[in-house]
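Notes for the structure review
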Amino acid sequence: MESSEIRKRFLKFFEERGHTLIPSASLVPEGDVTTLFTGSGMQPLIKYLLGEKHPKGVRLVNSQKSFRAEDIDEVGDNRHTTFFEMLGNWSLGDYFKQEQLPWFFEFLTEEIGLDPNKLYVTVFAGDPENNVPRDMESVEIWKRLFKEKGIEAKDVELITEKNASELGMQGGRIFYYSTKNWWSRAGAPAQMPPHEPGGPDSEVFFEFTDARHDEKFGKYCHPNCDCGHFMEIGNSVFMEYIKKEDGTFENLAQQNVDFGGGLERITAASRNDPDMFNIDLLKPLISVLPTADTDQRRKCIIVDHARASFFLISDGVRPSNKHQGYILRRLLRRMIVQAHLGSFGSFAGTDTLSTGAAEDIKAVFRKISEVYQGIYPLNLNLANEVFTDEFNRFNRVFRDGLREIKRLEKIDAVTAFKLYESFGITYEIIKDVAGAKAETLTRNAFDKEFEKHQEISRAGIEKKFGGHGLVLDTGELKAGSKEELKIVTRLHTATHLLNAALHKVLGDSVEQRGSDITAERTRFDFLFPRKLTADEIRKIEDWVNYAIDKNFPVAFEEMPLDEAKRSGALFFYKGHYPERVKVYTVGNADEVFSRELCGGPHVAHTGEIGPFKIEKEESSSAGVRRIRAALSS
Ligand code: SER
């Protein structure tokens, strides 16, 4: 079956069961400071899983564009991609396990026609430490469902992910895993921050009987083995817990279902072919690349990166050195290098990037716009423009970078970062072209080096000044225009004043959770358990305007991080600050109004900010409030 047919059938199947179709959200999350990209269908729905009423009701279905940068190193085999489509259905406090598991099973076996003998399932083993029980209800449901198909489904106690490859299948069909069968945006129960929702999940795996187990991945195969014999095709999350401040779990106000299944993977299963790059969404893209190049891994990388880039560009991302833009730059540059290698094999005889490589990528872009025609609005001219611009920019520095790589004897994290900083040669490219010289270089070491060089404001969530492509960091200012930069700077200082005013009016339990500043407004998220009263909002606004009227000077001091934290200055607890930081003070000899760790930029005197107005106060997620405020001139 083709992906378009599977997508259509999935949506229809759940619409017939009372679900309302909702559109795919952008790959760049709206109003979610915890993550750079939309990596699953549930991310845009968090607040509804927590209890807010969704305007479309309690049963939703969609196909969501998703991007997972963390999978970038896996790309190149026959089943990993950074971009994918996730089919999803949700119950917002409506149905639960008894409906979800039978429906998904029916969809797979009746609608798609998968052989139930090739399906294996996993369930949550329980977490006694955190008081979350083993999911026996799901086990009973699965046993019944398989029995109806004439299959005796035995459950096997592998308990830890570690044991599994030593014990193997043991004739089982239902397997218990611990952290692998728990879903939250932050991962396992222990990794979740307070106020994060999560729950046990049950995954379905498809067995590719022809793909033999590879002992490289462990002695015996099992559903979660990475050898490719099994592939996960769907995950039903029973989102019913939330982590408390003290680290234990309590029940959410409602029991939710969050199902997600990779469209490309389900399509591969329906074809009984483990190579996902043979499906209708990917094979045509592979086929426009030069046939003379027989390196399939390379082709998978180019095709994956081209598709991901195209979708990111369409959702407004542009190459840069920060945040989403940095990821896009890495995808674009790496595929350029890979396409060049596809034509020339190496950089031995040349040190400029071939325009043929650029043409190959444009051919893939063209194919992508054909393949997704009528499904997602993609702008081919825009993608080509952004790509060409980046190609030219990269080509200008590449020659010197390559020369440097040739000159170096060994490339460790420090030299690798220098190559990136001076020549825009990214980690992946170094690994791709430097061969043995970069053998010991790891992503972890590179990322650490990268972080070390980021200014304080990049590290905290303060770093993310959304909208309009405005990214402001100390030492490097980027803005749509000088005018916009000025407004954002005024709003940035106003945000410090707002943070201080919140502490004055609501007390010190207020804790910053995020901020996002555009030329139109500032948005500030903070921990506080209830809605603010009109009187509190007025008082907070008055405090900010008081500080503005006072025309306080804004000054900073640099000091060691420990000392800054001890000084009582406000800081964002999730921020990874460098060892030396700046502490910005707003105030004079008589009165210190605000002290906060930050990278700037700020106005010199608060009078420059102008009148400040809180426009909205609302819930952002459980226990987190959000204020939007703007300047009147
Ligand atoms: N949130 C779950 C996942 O990403 C199911 O949608 O797997």
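The following refers to the structure shown. The shown structure was predicted, so the numbers you read here are calculated from the model rather than taken from an experiment. (Residues numbered from 1 in each chain as written. Predicted model: local features only at pLDDT ≥ 70, side-chain atom pairs only at ≥ 80, totals over all residues. Heavy atoms only, no water.)

1. Observations regarding the site of the ligand
Heads up, the condition is: Being near a molecule or strand, for a residue, means having at least one of its heavy atoms within 4 Å of it. What qualifies as a polar contact is a pair of N or O atoms within 3.5 Å, subject to a donor-acceptor requirement within protein and to the restriction that residues adjacent in sequence count only when both atoms come from side chains. Areas reported as accessible are Shrake-Rupley estimates using a 1.4 Å probe. Residue values count occlusion only from the protein chains shown. Strands are runs of DSSP state E lasting at least 2 residues, helices are runs of H or I lasting at least 4, and numbering of each runs from the N terminus. Ten residue types, Ala, Val, Leu, Ile, Met, Phe, Trp, Tyr, Cys and Pro, are classed as nonpolar, four, Asp, Glu, Lys and Arg, as charged, and the remainder, Gly among them, as polar.
Lining the immediate environment of the ligand, one finds Ser40, Met42, Arg68, Met86, Trp183, Asn235, Val237, Asp258, Phe259 and Gly260. The separation between an oxygen atom of the ligand and a polar side-chain atom of Asn235 is 3.3 Å. Here an oxygen atom of the ligand sits 3.1 Å away from a polar atom, N or O, in the main chain of Gly260. Burial of the ligand by the protein chains amounts to 95% of its free accessible area of 230 Å². Mapped by element, the contributors of at least two residues to the shell around the ligand are β9 (230-243) and β10 (249-262). It is β10 that provides the largest number of residues to the shell around the ligand, a total of three residues. Within the shell around the ligand, the residues separate by chemical class into five nonpolar, three polar and two charged.

2. Focus: the sheet that holds strand β14 (residues 522-527)
Two modes of strand pairing occur in sheets, parallel and antiparallel, and in both the strands are linked by backbone hydrogen bonds. Applied cut-off: Strand pairing follows a simple DSSP-based rule, namely that at least 2 bridges must link the two strands. What counts as an axis is a line fitted to C-alpha atoms, over the stretch in contact for a helix, and the angles between N-to-C directions run from 0 to 180 degrees.
Overall, antiparallel pairing links the four strands, which are arranged β13-β14-β19-β18 in an open sheet. Each edge of the open sheet carries a strand with a single partner, namely β13 (511-517) and β18 (612-621). When the angles between neighbouring strand axes are averaged without regard to direction, this sheet yields 20°. Pairing of β13 with β14, which is carried by six bridges, proceeds in the antiparallel orientation. Looking at the pairing, Asp516 lines up with Arg523 of β14.

3. Details of the packing of aromatic side chains
Convention followed: Here is the rule: rings of Phe, Tyr and Trp (six-membered ring for Trp) pair when centre to centre is within 6.5 Å. Planes less than 30 degrees apart are stacked, more than 60 are edge-to-face, and the remainder are tilted. The rule is simple: take the accessible area with a 1.4 Å probe, protein chains only, and divide by the maximum for that residue type; under 20% is buried, over 50% is exposed, in between is partly exposed. A ring is considered to have a charge above it if a Lys NZ or an Arg CZ atom is located within 6 Å of its centre and within 35 degrees of its normal.
Going through the model one piece at a time under the given rule, you end up with 41 aromatic pairs. When the centroid spacing of 5.9 Å and the interplanar angle of 90° are considered together, the rings of Phe417 and Phe450 count as edge-to-face. Residue Phe417 is located in helix α12 (residues 413-423), and its partner Phe450 is located in helix α14 (residues 443-452); the two are separated by 33 residues in the primary sequence. Comparing Phe417 with Phe450 shows no difference in burial state: the two are buried. Chaining the aromatic ring pairs together yields one cluster made of Phe10, Phe13, Phe14, Tyr95, Trp103, Phe104, Phe107 and Phe259. Its guanidinium or amino end placed over the ring of Tyr120, Arg173 lies 4.4 Å from that ring's centre, counting from NZ or CZ. The lysine or arginine in question, Lys504, covers the ring of Phe593, its NZ or CZ lying 4.7 Å from the ring centre.

4. Describing the sheet that holds strand β16 (residues 580-587)
Pairing is antiparallel in the open sheet, where three strands are placed in the order β15-β16-β17. The open sheet has two edge strands with one neighbour each: β15 (554-560) and β17 (592-597). On average, each strand axis in the sheet is inclined to that of its neighbour by 25°, with strand direction left out of account. Sheet topology note: the β15/β16 ladder contains seven bridges and is antiparallel. Note that in β16 the partner of Glu558 across the bridge is Lys582.

5. Section: the packing of helix α9 (residues 323-344) against helix α11 (residues 380-407)
When two helices pack together, their arrangement is given by the angle between the helix axes and by the axis-to-axis distance. Operational definition: Working rule for angles: under 35 degrees goes down as roughly parallel, over 145 as roughly antiparallel, 65 to 115 as roughly perpendicular, anything else as oblique. Rotating anticlockwise by less than a right angle from the far helix to the near helix defines a left-handed crossing, while the corresponding clockwise rotation defines a right-handed one. In what follows, residue pairs with any heavy atoms lying within 4.5 Å of each other are defined as contacts.
α11 packs onto α9 with a crossing angle of 70° between their chain directions and a minimal axis gap of 10 Å. Looking at the two axes, α9 sits roughly perpendicular to α11. α9 and α11 meet at a crossing whose hand is right-handed. Contacts from Arg329, Leu332, Arg333, Met335, Ile336 and Val337 in α9 reach Phe387, Glu390, Phe391, Arg393, Phe394 and Phe398 in α11. Partitioned by chemical class, the residues of the contact of α9 with α11 number eight nonpolar, no polar and four charged.

6. Regarding the environment of Asn321
Note on placement: Asn321 falls in the loop between α8 (296-314) and α9. Residue classification places Asn321 among the partly exposed residues on the basis of a relative accessible area of 26%. Linking Asn321 and Gly424, residues 103 residues apart in sequence, is a C-alpha distance of 9.1 Å. A polar contact is formed between the side chain of Asn321 and the side chain of Arg329, at a distance of 2.8 Å. In this structure the side chain of Asn321 is engaged in a polar contact, spanning 3.0 Å, whose partner is the side chain of Tyr420.

7. Focus: the packing of α8 against helix α10 (residues 355-371)
The N-to-C vectors of α8 and α10 enclose an angle of 60°; their axes lie 10 Å apart at closest approach. Considering the angle they form, α8 stands oblique to α10. Of the two possible hands of crossing, α8 and α10 adopt the one that is right-handed. Seen from α8, the contacting residues are Ile302, Ala306, Arg307 and Phe310; seen from α10, they are Ile361, Val364, Phe365, Ile368 and Ser369. For the contact of α8 with α10, the class distribution of residues is seven nonpolar, one polar and one charged.

8. Some remarks on α11
For the record, the criterion: Helix span, as expected, comes to 1.5 Å for every residue beyond the first. One axis is fitted to the seven residues ending at the residue and one to the seven starting there. The bend at that residue is the angle between these axes.
A rise of 1.5 Å per residue sets the reference length of α11, with its 28 residues, at 40 Å; its end C-alpha atoms lie 39 Å apart and thus fit the reference within 8%. Along its length, α11 shows its largest kink, about 40°, at Phe398. Three or more residues of α11 are buried, namely Ala383, Asn384, Val386, Phe387, Glu390, Phe391, Phe394, Asn395, Phe398, Gly401, Leu402 and Ile405. Contacts made by the buried residues of α11 are with α8, α9, α10, α12 and α13 (427-433). N-cap assignment for α11: the residue whose side-chain oxygen lies 3.1 Å from the backbone N of Asn381 is Asn379.

9. Some points on empty space enclosed by the protein
To find leftover empty space, one rolls a probe the size of a water molecule over the atoms. Quick note on the threshold: The definitions used throughout rest on a 1 Å grid laid over the protein atoms alone, on which a cavity is an enclosed set of points accommodating a 1.4 Å probe that cannot get out and a pocket is an open set flanked by protein within 12 Å on both sides along at least five of seven lines; lining residues are those having an atom within 4 Å of a point. Grid points are joined across faces, edges and corners, and a volume is the space filled by probe spheres set on the points.
Per the stated rule, a full pass over the model turns up one cavity of 30 Å³ or more. For the largest cavity, the calculated volume is near 50 Å³. Taken together, Leu289, Pro290, Asp293, Lys299, Ile302, Ala339, Gly342, Ser343 and Asp360 make up the full set of residues lining the largest cavity. Listed by contribution, the elements that provide at least two residues to the lining of the largest cavity are α8 and α9. With three residues, the single largest contributor to the lining of the largest cavity is α9. Looking at side-chain class alone, the lining of the largest cavity contains four nonpolar, two polar and three charged residues.

10. Remarks on the nonpolar core
For clarity, the threshold we go by: The nonpolar core is taken to be a set of buried Ala, Val, Leu, Ile, Met, Phe, Trp, Tyr and Cys residues, with the residues joined through side-chain atoms within 4.5 Å.
Membership of the largest hydrophobic core comes to 114 residues, with the highest contact counts inside it found for Phe67, Trp142 and Ile233. Take this core: its biggest share by element is ten residues, from α9. If we skip the residues at most four places from it in the chain, Trp142 touches Leu101, Phe105, Val121, Val123, Ile174, Ser202 and Val204. Leu497, Phe612, Ala629 and Leu631 belong to the second-largest nonpolar core, a separate cluster that totals 34 residues.

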